[in-house]
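Descriptive structure summary
The residues making up each chain are set out below.
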There are 4 protein chains.
Amino acid sequence: MSRVTIHRVEVTFGDCDPAGIVFFPNFSRWMDQASLAFFRACGVPPWRELEAERGIVGTPLLEIQTRFLLPATYGEELEIHTELDEWNERTFRQCHVVKRGSDIICEGMELRAFCVRRADIPGRLRTIPIPADILALCS
Amino acid sequence: MSRVTIHRVEVTFGDCDPAGIVFFPNFSRWMDQASLAFFRACGVPPWRELEAERGIVGTPLLEIQTRFLLPATYGEELEIHTELDEWNERTFRQCHVVKRGSDIICEGMELRAFCVRRADIPGRLRTIPIPADILALCS
Amino acid sequence: MSRVTIHRVEVTFGDCDPAGIVFFPNFSRWMDQASLAFFRACGVPPWRELEAERGIVGTPLLEIQTRFLLPATYGEELEIHTELDEWNERTFRQCHVVKRGSDIICEGMELRAFCVRRADIPGRLRTIPIPADILALCS
Amino acid sequence: MSRVTIHRVEVTFGDCDPAGIVFFPNFSRWMDQASLAFFRACGVPPWRELEAERGIVGTPLLEIQTRFLLPATYGEELEIHTELDEWNERTFRQCHVVKRGSDIICEGMELRAFCVRRADIPGRLRTIPIPADILALCS
């Protein structure tokens, strides 16, 4: 019985390309928002606080896979249904289904890891095991 | 012996997020540029001309898959090596390898189709078989 | 007694730069959304319909001016208060105040014109006089 | 005799909106790149190093003003000519002229300040006097 959160997006003129449809990297941007909204809805503090307190800068992506089924255009309202469907020791997988009413616009999978900054190389990150308290909040 | 084109990108401050690394949808944006640059390098006219002459609005995506191996940050120069590795009847697959020097930053696969506007539903597109002349130019 | 519309924005992680604050072109993007939301709230049809019926492709910008007073960061909710404060024969001016609670984050002015495509030069636009029916809807 | 730097941009499909022209906030994004390129060309280290060594997170904007004269579309190459035309005690002004060949596409002014993080309020910045060594490099 996993938790599903819903993130709402209104497609705007500037999100669309000369073909008049959503420029696809915006779907990745909205899924990223939905990923963070999922954690916030579970009670996880914003990355800003986690960074200040524990050095966690966020959950960078290791892999994404997205299937685009129908185009969307400006003026439309989309719902992103987000679920966390797999916890591994150092990674987790979120699935997003982007819907317009009952139509599925696209589906995306994200593989992510919690990361901290490397002390030895400025600007580089390293993954950490999933923090137990965050895991507990999200389960 | 497939053709490989190289698209160069300089990562800018605004491409990076509060973790100081490239916000990942920008990689999709750059691969999209690299996809179009590939066709332009093969002698395919810009979508604008193809739309005016033949109704082809571009090559919307059906699916993407990207693996992120190393972070990149602003001030760095990246090279995207692009190859068209599969032609199907109505779809084609491009592969992109994003490199910083000899390091591989990320790898992406795009499945695309040539599309025209549907006459019956404004704002909707439909795929067409790969145009033979475009196929010839790219082979 | 001019009409004021309010457009709400939630600042996301990807909207912020390595300094941890909103990357400023996003304010222009949000004001553009607020500009269109103003017209939609007045009952003006989406550009898509205006383009199909009357060739009007939208309201491109002639000039913008923005003052940035306070930074904003992700997780914050912003309100954009939009007002149309001047109609000229071929141009109009909208003002936007971006607020976080009672704090003013930034203020922007946009000078815009209604435009149609030029028949003689593909890809170029020309301004038209403000359509009387749109003016009536917005007053 | 002020120094002028030139930043080149190739307009891509995804930079354009459903009207087929550059979505205007991208001009702000490119001017921001041009602003940073100016400092880099003068020998100023990247913000990343300035932040690590001196706490300077960059040069956030206080004000922008842009006039849009001609639209641009994808496939076009633009040049941004950047000049620093005024140093004040705590602020400076850069001017950008965006050209396509000899045509002026748009002109922008940016008022910026060098900023450090405030120790007392996380996520907030404060301006500092223009550092003398940076001023010397740019003059």
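Residues numbered from 1 in each chain as written. Chains lettered and ligands numbered in written order. Predicted model: local features only at pLDDT ≥ 70, side-chain atom pairs only at ≥ 80, totals over all residues. Heavy atoms only, no water.

Here's the deal with the interface of chain A and chain B
To keep things clear, this is the line we draw: Every residue pair with non-hydrogen atoms within 4.5 Å of one another is taken to be in contact. Once two parts are brought into contact, the accessible area they lose, counted with a 1.4 Å probe and summed over both, makes up the buried area. For this analysis, a polar contact is any N or O atom pair within 3.5 Å, provided that within protein one partner can donate a hydrogen and the other can accept it, and provided that sequence-adjacent residues contribute only side-chain to side-chain pairs. Only runs of H or I of at least four residues qualify as helices and only runs of E of at least two qualify as strands under DSSP, and these elements are numbered from the N terminus. When residue character is reported, Ala, Val, Leu, Ile, Met, Phe, Trp, Tyr, Cys and Pro are called nonpolar, Asp, Glu, Lys and Arg charged, and the others, Gly included, polar.
Of the residues lining the interface, 28 residues belong to chain A; the matching set on chain B comes to 28 residues. For the pair chain A and chain B, the summed buried area comes to about 2400 Å², and 61% of that belongs to carbon and sulfur atoms. Of all residues in chain A, the largest losses of buried area upon contact with chain B belong to Phe24, Ile64 and Arg124 of chain A, amounting jointly to 23% of the total for that side. Across the chain A-chain B interface, the total number found is eight residue pairs in polar contact (both at pLDDT 80 or more). Breaking the side of chain A that touches chain B down by element, the ones donating at least two residues are helix 1 (25-41), strand 3 (61-68) and strand 6 (103-112) of chain A. Looking at the side of chain A that touches chain B element by element, the count peaks at eight residues for strand 3 of chain A. A breakdown of the residues in the side of chain A that touches chain B according to their chemical character gives 14 nonpolar, four polar and 10 charged.

Side note on the pattern of salt bridges
What counts is decided by this rule: Salt bridge, as used here, is a side-chain nitrogen of Lys or Arg placed within 4 Å of a carboxyl oxygen of Asp or Glu. For every residue, the accessible area obtained with a 1.4 Å probe (protein chains only) is divided by the maximum for its type, and the residue is called buried under 20%, exposed over 50%, and partly exposed between those limits.
Across all of its chains, the model carries 48 salt bridges over all chains by this definition. Linking arginine 93 of chain C and glutamate 86 of chain C is a salt bridge whose minimum nitrogen-to-oxygen distance equals 3.8 Å. By relative accessible area, arginine 93 of chain C is classed as partly exposed at 29%. Residue arginine 8 of chain D is joined to glutamate 79 of chain D by a salt bridge in which the shortest nitrogen-to-oxygen separation is 3.3 Å. Of this pair, arginine 8 of chain D sits in strand 1 (residues 4-10) while glutamate 79 of chain D sits in strand 4 (residues 77-87); the two residues are 71 residues apart in sequence, bridging distant segments of the chain. For arginine 8 of chain D, a relative accessible area of 55% corresponds to the exposed category. Taking the relative accessible area as the measure of exposure, glutamate 79 of chain D reaches 25% and is therefore partly exposed.

As for the relation of the copies chain C and chain D
Note the threshold: For this overlay, a least-squares fit was computed on C-alpha atoms, restricted to residues scoring pLDDT of at least 70 in both copies.
The operation relating chain C to chain D is a screw motion whose rotation component is 180°, with 0.0 Å of axial translation and a residual RMSD of 0.0 Å. When the rotation and shift are considered jointly, the pair of chain copies conforms to a two-fold rotation axis. No C-alpha of chain C approaches the rotation axis more nearly than that of glutamine 65 of chain C, which lies at 2.1 Å.

Section: the relation of the copies chain A and chain B
If you rotate chain A by 180° and push it 0.0 Å along the axis, it lands on chain B with an RMSD of 0.0 Å. The fraction of interface residues of chain A whose copies in chain B are also interface residues reaches 100%, indicating that both copies meet through the same surface.

Focus: a nonpolar patch on the surface
Put simply, the rule is: A patch consists of residues exposed above 30% relative accessible area that lack any salt bridge, with like charges linked at up to 9 Å and nonpolar side chains (Val, Leu, Ile, Met, Phe, Trp, Tyr) linked at up to 5 Å. The Shrake-Rupley method, run with a 1.4 Å probe, gives the accessible areas here. Residue values count only the displayed protein chains as cover.
A contiguous nonpolar patch, built from Leu69, Leu70 and Ile104 of chain A and spanning about 210 Å² of accessible area, is present on the exposed surface. Accessibility expressed as a relative area gives 30% for isoleucine 104 of chain A, which makes it partly exposed.

Let's talk about the packing of aromatic side chains
Under the convention used in this document: Here a pair means two rings of Phe, Tyr or Trp (six-membered ring of Trp) with centres within 6.5 Å. Their orientation is stacked below 30 degrees between planes, edge-to-face above 60, and tilted elsewhere. Charges are assigned to positions over rings by a cutoff of 6 Å between ring centre and Lys NZ or Arg CZ, combined with an angular limit of 35 degrees from the ring normal.
Applying the stated criterion across every chain yields a total of 48 aromatic pairs over all chains. Consider the rings of tryptophan 47 of chain B and phenylalanine 114 of chain B, whose centres lie 6.2 Å apart with planes at 90°: the pair is edge-to-face. In this pair, tryptophan 47 of chain B is assigned in helix 2 (residues 47-54) and phenylalanine 114 of chain B in the loop between strand 6 (103-112) and strand 7 (115-117), connecting sequence segments 67 residues apart. Assigned by exposure class, tryptophan 47 of chain B and phenylalanine 114 of chain B land together as buried. The rings of Phe38, Phe39, Trp47, Trp87, Phe92 and Phe114 of chain A are connected pair by pair, giving a single aromatic cluster. The positively charged end of arginine 48 of chain C is found above the aromatic ring belonging to tyrosine 74 of chain A, 4.4 Å away from the centroid.

Things to note about the side chain of arginine 29 of chain B
By secondary structure assignment, the location of arginine 29 of chain B is in helix 1 (residues 25-41). Those residues in contact with arginine 29 of chain B, other than ones at most four positions away along the chain, are Phe23 and Pro25 of chain A, Asp15 of chain B together with Asp15 and Arg29 of chain D.

Observations concerning the packing of helix 1 of chain A against helix 1 of chain B
Our working rule: Between the N-to-C directions of two axes lies an angle of 0 to 180 degrees, each axis being a line fitted to C-alpha atoms and, for a helix, fitted only over the stretch in contact. Convention used here: angles under 35 degrees read as roughly parallel, angles over 145 as roughly antiparallel, angles from 65 to 115 as roughly perpendicular, and any remaining angle as oblique.
Across the interface, helix 1 of chain A lies against helix 1 of chain B with an axial gap of 8 Å and an inter-helix angle of 175°. In terms of axis orientation, helix 1 of chain A runs roughly antiparallel to helix 1 of chain B. Only Pro25, Ser28 and Arg29 of chain B of helix 1 of chain B make contact with helix 1 of chain A, whose side of the interface consists of Pro25, Ser28 and Arg29 of chain A. Tallied by class, residues from the contact of helix 1 of chain A with helix 1 of chain B come to two nonpolar, two polar and two charged.

Section: the sheet that holds strand 6 of chain B
We count it as follows: Pairing between strands is defined by DSSP: at least two bridges between the two strands are required.
Sheet architecture is open: 10 strands sit in the order 1(A)-4(A)-5(A)-6(A)-3(A)-3(B)-6(B)-5(B)-4(B)-1(B), paired in antiparallel fashion. Looking at strand neighbours, the two that pair on one side only are strand 1 (4-10) of chain A together with strand 1 (4-10) of chain B, the edges of this open sheet. Going across the sheet, the axis of each strand differs from the next one's by a mean of 20°, ignoring polarity. The sheet contact formed by strand 1 of chain A and strand 4 (residues 77-87) of chain A spans seven bridges and is antiparallel. Its bridge partner lying in strand 4 of chain A, valine 4 of chain A is registered against glutamate 83 of chain A. Helix-sheet contacts for helix 1 of chain B involve strand 3 of chain A together with strand 1, strand 3 (61-68), strand 4 (77-87), strand 5 (92-100) and strand 6 of chain B, and the interaxial angle to strand 4 of chain B is about 60°.

Some details on the interface of chain C and chain D
Opposite the 28 residues of chain C that make contact, chain D presents 28 residues. Summing both sides of the interface, chain C and chain D together bury roughly 2400 Å²; the carbon and sulfur share of this comes to 60%. Looking at the side of chain C facing chain D, the largest losses of area belong to Phe24, Ile64 and Arg124 of chain C, adding up to 23% of the total buried there. Here chain C and chain D share eight residue pairs in polar contact (both at pLDDT 80 or more) between them.

Observations concerning the pairing of strand 4 (residues 77-87) of chain C
All names here are of chain C. Pairing analysis gives eight bridges linking strand 4 to strand 5 (residues 92-100), with the strands arranged antiparallel. Considered in strand 5, the bridge of leucine 84 is made with glutamine 94. In sequence, strand 4 turns back onto strand 5 through a hairpin of four residues.

Concerning the sheet that holds strand 2 (residues 56-58) of chain D
All names here are of chain D. Taken in spatial order, the three strands make up an open sheet running 2-7-8, and their pairing is antiparallel. Taken across any chain shown, the strands that pair with only one partner, and hence form the sheet edges, are strand 2 and strand 8 (125-127). In this sheet, adjacent strand axes meet at a mean angle of 45° when their direction is disregarded. When strand 2 meets strand 7 (residues 115-117), the two strands line up antiparallel, connected through two bridges. Residue pairing across strands places isoleucine 56 opposite valine 116, the latter belonging to strand 7. Against the sheet, helix 2 (residues 47-54) makes contact with strand 2 and strand 7, and its axis sits at roughly 160° relative to strand 2, the strand it touches most.

Description of the environment of aspartate 85 of chain C
Tracing the chain through its elements places aspartate 85 of chain C in strand 4. Along the backbone, aspartate 85 of chain C and methionine 109 of chain C are 24 residues apart, and their C-alpha atoms lie at a distance of 9.6 Å.

Quick look at the state of the cysteines
Residue and element names in this part refer to chain A. Basically, it comes down to this: Note that a disulfide, as used here, is simply two cysteine sulfur atoms within 2.5 Å.
Within the structure shown, the criterion is met by zero disulfides over all chains. Looking at the unpaired cysteine 95, the closest cysteine sulfur is the one in cysteine 106, lying at 12 Å. We classify cysteine 95 as partly exposed; its relative accessible area is 23%.

These figures come from the coordinates and say nothing about function on their own.
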